[in-house]
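Architecture and fold: a report
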Amino acid sequence: MAAASPMPLAELHLHIEGTLEPELIFALAERNGIELPYANLDELRSRYEFTDLQSFLDLYYANMAVLRTEQDFADMTRAYLARAAAAGVRHAEIMMDPQAHLSRGVSLETCVNGVASVLATSEEEFGVSTLLIAAFLRDLSEDSALEVLEGLLAMNAPIAGIGLDSAEVGNPPSKFTRLFARAGEAGLRKIAHAGEEGPPSYIVEALDVLAVERIDHGIRCMEDPELVERLVNDRVPLTVCPLSNVRLRAVDMLAAHPLPAMLAAGLNVSVNSDDPAYFGGYVDSNFAQLESVLGLSEFDRVRLAANSIRSSFASEERKQELLAELSG
Ligand code: HPA
Ligand code: ZN
């Protein structure tokens, strides 16, 4: 008997550099003549023990050293799409971190074109419609972000929006007021990581100061009942990443994850994989572990998938197509 086809959904919180699997790191290092500081795969894998967001970011940025050519970015993107399609992902909004490549001497053209060349045909090749989002590193300056955004606009990069990621605490959304205003003027969609490690007030700032349409993570909203009420009333999408939260110790264990309470509160939450090569699984593994540990019901699974589709920046037509698939 054929395996049941996975539930169709949209993945809204995914860093393409976080899909770089250990095997591909070794293959690209070999192709590019780069010496890795690990003797073998097991030694690399032994580093995937994180104590907080920063301990992950250190390895995430270090491993990017193997990405040198357009082909490298294209290979990484193709590998993600194949894996995501198998997990049921039918629409993906993919973040990339251009500044993490520019700082290593890799041009905007190389990194953007390498990813975008694969996204351009993702629907035909993988059945996954895609959008690209340029994420900015909040531990760097706003001037750096503005310069890179201007570069992306000047090259007519096929980006649908901008995001804000990297080390959150001490780098509040208000640091990027001009960046988000400029993105708005350019007609770009706006999202930001907030309330992963940072306080609920960062979520409020992202909404009020940056006018973002979606919050990445947002789990710490649960500490502020007034904020929860606002997020529920305004149907603000929160792209939750359960396995990421456990691996980065934002929550103690999956059994203690706030997702059930967030669903019960009526928040517009979806389930996403964030950096699946680092956090122990793609979106299907996130769902499987939620089901086994938290007893997530079929009703909640379908609700989470519908939320992901409705909260995406896909066309109305594509959303209706995927919602029909989900209910069919
Ligand atoms: N949080 C912040 N920055 C990131 C993440 C994350 O989960 N993944 C990649 N960059
Ligand atoms: Zn993230």
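Procedures and definitions
- Residues numbered from 1 in each chain as written.
- Chains lettered and ligands numbered in written order.
- Predicted model: local features only at pLDDT ≥ 70, side-chain atom pairs only at ≥ 80, totals over all residues.
- Pairing = 2+ DSSP bridges.
- Helix = DSSP H or I, 4+ residues; strand = E, 2+ residues; numbered from the N terminus.
- Axes fitted to C-alpha atoms, helices over the stretch in contact; angles between N-to-C directions.
- Contact = placed C-beta atoms within 7 Å.
- Buried ≥ 20, exposed ≤ 12 C-beta atoms within 10 Å, placed from the backbone.
- UniProt positions renumbered as here; feature names shortened; annotations may be inferred.
- Near = placed C-beta within 6 Å.
- Nonpolar A, V, L, I, M, F, W, Y, C, P; charged D, E, K, R; others polar.
- Parallel < 35°, antiparallel > 145°, perpendicular 65-115°, else oblique.

What follows is about the sheet that holds strand 5 (residues 189–194). Taken in spatial order, the 8 strands of this open sheet run 1-2-3-4-5-6-7-8, and their pairing is parallel. Edge positions in the sheet fall to strand 1 (9–15) and strand 8 (268–271), since each has one partner strand and no second. Looking at each pair of strands side by side, their axes are set apart by 25° on average, direction ignored. As paired elements, strand 4 (residues 161–165) and strand 5 share 2 bridges and run parallel to each other. From the neighbouring strand, Ile162 faces strand 5, where its bridge partner is Lys190. Helix 16 (residues 298–310) rests against strand 1, strand 2 (89–96) and strand 8 of the sheet, and its axis sits at about 100° to strand 8.

Let us look at the environment of Ser107. Structurally, the position occupied by Ser107 is in the loop between helix 5 (98–102) and helix 6 (108–119). Overall, Ser107 belongs to the partly exposed group, with 14 C-beta atoms counted inside 10 Å. Separated by 151 residues in the primary sequence, Ser107 and Pro258 have C-alpha atoms spaced 40 Å apart.

Once that is clear, we can look at the UniProt feature "site: Important for catalytic activity" (unreviewed entry) in the protein. Mapped onto the present numbering, the UniProt feature "site: Important for catalytic activity" (unreviewed entry) falls at His217. Relative to the elements of secondary structure, His217 occurs in strand 6 (residues 214–217). In this structure His217 touches His193, Ala194, Gly195, Glu196, Thr239, Val240 and Cys241, once residues within four positions along its chain are discounted.

On to unusual backbone geometry, then. In this structure, Ala211 is a non-glycine residue whose phi angle is positive, near 55°. Counting through the fold element by element, Ala211 comes out in the loop between helix 10 (200–208) and strand 6. Despite not being glycine, His217 has its phi angle at roughly 75°, a positive value.

For the rest of this paragraph, the subject is the environment of Gly114. Its location among the elements puts Gly114 in helix 6. Through-space distance from the C-alpha of Gly114 to that of Val251 is 35 Å; in sequence the pair is 137 residues apart. If near-sequence neighbours (up to four positions away) are discounted, Gly114 is found in contact with Glu70, Gln71, Asp72, Phe73 and Ala74.

This paragraph deals with helix 10. Residues of helix 10 that are buried include every one of Pro200, Tyr202, Ile203, Glu205, Ala206 and Leu207, and no others. In this fold, the buried residues of helix 10 make contact with strand 5, strand 6 and helix 11 (225–233).

Below, the discussion takes up the site of ligand 1. Close to ligand 1 lie His15, Gly18, Leu53, Tyr60, Asp165, Ser166, His193, Glu196, Ser244, Asp274 and Asp275. Across the shell around ligand 1, the residue classes break down as 2 nonpolar, 5 polar and 4 charged.

Another aspect to go through is the packing of helix 16 against helix 17 (residues 316–327). Relative orientation of the contacting elements helix 16 and helix 17 amounts to 170°, with a least axis distance of 9 Å. As far as their axial angle goes, helix 17 and helix 16 are roughly antiparallel. Residues Val302, Ala305, Ala306, Ile309 and Arg310 of helix 16 form the contact with helix 17, whose own contacting residues are Lys319, Leu322, Leu323 and Leu326. Looking at the contact of helix 16 with helix 17, its residues break down into 7 nonpolar, no polar and 2 charged.

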